Amino acid sequence: MPRLFTRLAAKVASLPPIAVAMGASALLHGIVLSIHFVPPPPKPEQARHALEVVLVNAKSTTRPSKPQALAQANLDGGGNTEQKLRASSPLPALGTHDPQPELRQRAQRVEELEQEAARLMAQVRATTPRPAPAPTPAPVAPTVPVQGSDLISQSLELARLQAQIEKDYQQYQARPKRRFVGARTEEYRFAQYVEDWRLKVERIGNLNYPEEARRKKIYGSLLLTVHIRSDGSVEKIDVDRSSGSPILDEAAVRIVKLAAPFAPFPENIRKDTDILAITRTWTFTREDQLTSQ
């Protein structure tokens, strides 16, 4: 052996340096490539507890003591069967059972209401009269050009109408302002004047009671309206409702004339009233007296 190594060393020394370097490099690479690394075999316990990763669609508050797979949440038991099955999808199963009876009844009721509404609408359309066609507009007469004489005539007619309106307005303003009061007047200024007037007419009427009515025993009542001017004079007397006896009607008119003139209007009546019309019911009683209501 020493001789073998001696001979190899002599041959190596006789070789060029580059050949020696290349041979050393090849030898070193061969040694490195011949080395292999093998992982150690798994322990028996690890081989018995291999886990799989799955997705679950539920979770529990407790952690399983013996998990069979890895998941995104804790699930300590699940499913609705005792068989060892595993869901193929994390999504909940969609039921294929029929809808509840209440939903079926409501859907049937909605369908019935729609049919009833359609039937009623058909009846309404059948009974509703169709609108009458729009009337054909009457032909418009061609416009006639206005002449100068027509404008003058229209101007004169307008002036005449304006003058007539002004005349009527002046006549209306010149008319006396009338007030009509009855037995139940509430305004004090008229009530006091009417009461004084009534007392005077009753006094004159009882002093001048119609002798013919007393002799013939004629009784009755009549409605009389007396129009009095602001100075107390009588403008006119109207018999609104007759007593049925001309004797009593004429006697009532004569008594009012005998009682005139009456007191002039006070200032609070004169300011807005020119003629005061007093309407009262006069009664000739069986006691041969004249009363007013």
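See the structure printed just above.
Every chain is numbered independently, its residues counted from 1 as its sequence is written. Where totals are concerned, whole chains, interfaces and linings use all residues; where local detail is concerned, this predicted model gives features only for residues with pLDDT of at least 70, and gives and counts side-chain atom pairs only at 80 or more. As a convention, hydrogens and water are excluded, and side-chain values are obtained from all of the structure's heavy atoms.

(A) Representation of the pattern of salt bridges in the model. By definition, a salt bridge exists where a carboxyl oxygen of Asp or Glu is found within 4 Å of a side-chain nitrogen of Lys or Arg. Under the counting rule described, the total for this entry stands at nine salt bridges. Residues R178 and E235 are paired through a salt bridge, measuring 2.8 Å at the closest nitrogen-oxygen approach. With R178 in strand 3 (residues 178-181) and E235 in strand 5 (residues 234-241), this residue pair connects regions lying 57 residues apart in the sequence. Whether a residue is buried, partly exposed or exposed follows from its accessible area with a 1.4 Å probe, protein chains only, as a fraction of its type maximum: under 20%, in between, or over 50%, in that order. Relative accessible area serves as the criterion here: at 34%, R178 is assigned to the partly exposed category. Classification of E235 as partly exposed rests on a relative accessible area of 28%. Between E212 and K216 there is a salt bridge, with its nearest N and O atoms 2.9 Å apart. Residue classification places E212 among the partly exposed residues on the basis of a relative accessible area of 32%. Each helix corresponds to a stretch of at least 4 residues labelled H or I by DSSP, and each strand to a stretch of at least 2 residues labelled E; elements are numbered beginning at the N terminus.

(B) Representation of the packing of aromatic side chains. Classification of ring pairs rests on two measures: the distance between centres of Phe, Tyr or Trp rings, Trp counted by its six-membered ring, which must be within 6.5 Å, and the angle between planes, read as stacked under 30 degrees, edge-to-face over 60 and tilted in between. Applying the stated criterion across every chain yields a total of four aromatic pairs. Ring geometry for Y193 versus F265: centroids 5.4 Å apart, planes at 85°, classification edge-to-face. Taken as a pair, Y193 in helix 6 (residues 188-207) and F265 in the loop between helix 8 (246-259) and helix 9 (267-270) lie far apart in primary sequence, 72 residues in all. Comparing Y193 with F265 shows no difference in burial state: the two are buried. Members of the aromatic cluster, connected to one another through ring pairs, are W197, F262 and W282.

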